[in-house]
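Overview (structure and organization)
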Amino acid sequence: DAMVIQNPRYQVTQFGKPVTLSCSQTLNHNVMYWYQQKSSQAPKLLFHYYDKDFNNEADTPDNFQSRRPNTSFCFLDIRSPGLGDAAMYLCATSRVEAGGAFFGQGTRLTVV
Amino acid sequence: RKEVEQDPGPFNVPEGATVAFNCTYSNSASQSFFWYRQDCRKEPKLLMSVYSSGNEDGRFTAQLNRASQYISLLIRDSKLSDSATYLCAVTANPPGAGKSTFGDGTTLTVKP
């Protein structure tokens with residue numbers, strides 16, 4: 001089945017230790033998004049790609065970086081995780097920029 | 001004021017009830033509207049797009065009121081399996097193309 005796959009599902013990292021979350025898609029969608037979601041809050045857009053064009057949200061901390069080496073894969077790098085970065089990280093895709101999004105199962109990040 | 005606002009609920013209804021949620025948005029340039037369903041500790045799943053003419057999918061009906069800047073979701077004949085958090089999402093035209101802003105969600109519990 002075509003889908004959005006995130007790895008790992010659960011990630012525990014130490015305070016300040018770089019961590020990378022990955023996302024792959026078989027939907028062949030042009031747009032890929034990274035969202036951060038904390039408990040009982042809305043998913044918060046960190047950045048998105050339209051093909052190779054990168055769009056960073058103004059309030060996304062510099063601590064967060066992203067790479068999209070090809071259509072299928074996208075990575076979220078957190079350079080120095082803080083306790084406040086503990087959250088669910090959701091990758092999503094859409095066929096067009098204003099289309100409905102299809103989410104991966106998320107990576108739940110714990111910072112210790 | 002948040003860009004997208006939802007009544008957090010919780011809405012507790014008996015099986016078979018009809019329940020409606022509203023979602024207001026502040027950006028009058030918004031062009032695309034969606035409802036998502038999110039189960040506890042899972043990813044959001046696209047429920048339906050919302051069109052100006054309204055749309056219906058089985059027991060679910062979505063409406064858009066551009067003049068008053070809100071969208072609504074009506075669920076008829078509620079089932080136990082409808083218990084979830086319902087998120088609305090709004091996407092603006094350029095500038096900001098591709099940026100979906102989510103509400104915090106409305107929690108629905110359907111009871112026997």
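Above: the structure in question.
Figured I'd write up the structure that's included with this text.

Basis of the calculations
- Residues numbered from 1 in each chain as written.
- Chains lettered and ligands numbered in written order.
- Predicted model: local features only at pLDDT ≥ 70, side-chain atom pairs only at ≥ 80, totals over all residues.
- Heavy atoms only, no water.
- Helix = DSSP H or I, 4+ residues; strand = E, 2+ residues; numbered from the N terminus.
- Buried < 20%, exposed > 50% of the residue type's maximum accessible area, 1.4 Å probe, protein only.
- Contact = heavy atoms within 4.5 Å.
- Salt bridge = Lys/Arg side-chain N within 4 Å of Asp/Glu carboxyl O.
- Nonpolar A, V, L, I, M, F, W, Y, C, P; charged D, E, K, R; others polar.
- Pairing = 2+ DSSP bridges.
- Axes fitted to C-alpha atoms, helices over the stretch in contact; angles between N-to-C directions.
- Core = buried A, V, L, I, M, F, W, Y, C linked by side-chain atoms within 4.5 Å.

All right, on to unusual backbone geometry then. That bond from N7 of chain A to P8 of chain A is cis: its omega, -10 degrees, falls within 30 degrees of zero. Checked against the element boundaries, P8 of chain A lands in the loop between β1 (4-7) and β2 (10-13). In this model, G9 of chain B is joined to P10 of chain B through a cis peptide bond whose omega is 5 degrees. The topology assignment puts P10 of chain B in the loop between β1 (4-6) and β2 (11-14). The backbone of R41 of chain B shows a phi angle near 60 degrees, a positive value even though the residue is not glycine. Overall, R41 of chain B belongs to the exposed group, its relative accessible area being 55%.

Time to look at the interface of chain B and chain A. Between chain B and chain A, the residue contacts involve 17 residues of the former and 22 residues of the latter. Seen at the junction of chain B and chain A, the total is zero salt bridges. Broken down by secondary-structure element, the contributors of at least two residues to the side of chain B that touches chain A are β4 (30-38), β5 (44-50), β9 (84-92) and β10 (100-102) of chain B. Here the side of chain B that touches chain A gets four residues from one element, more than from any other, and that element is β4 of chain B. Classifying every residue of the side of chain B that touches chain A gives seven nonpolar, six polar and four charged.

Our focus in this paragraph is the sheet that holds strand β3 (residues 19-25) of chain B. All names here are of chain B. The five strands are arranged β1-β3-β8-β7-β6 in an open sheet whose pairing can be described as antiparallel. Both outer strands of the open sheet, β1 and β6 (55-57), are each paired with one neighbouring strand and no more. On average, adjacent strands in this sheet sit at an angle of 15 degrees to one another, irrespective of strand direction. Here β1 pairs with β3 via three bridges, running antiparallel. Directly across from E5, in β3, lies its bridge partner T24.

Grouped together as the largest cluster of nonpolar side chains are 23 residues, with contacts concentrated most on F21, W35, I71, L73, I75, Y86 and L108 of chain B. In this structure, L73 of chain B is in contact with V19, A20, F21, W35, L47, M48, F60, T61 and Y86 of chain B, ignoring residues within four places of it in sequence.

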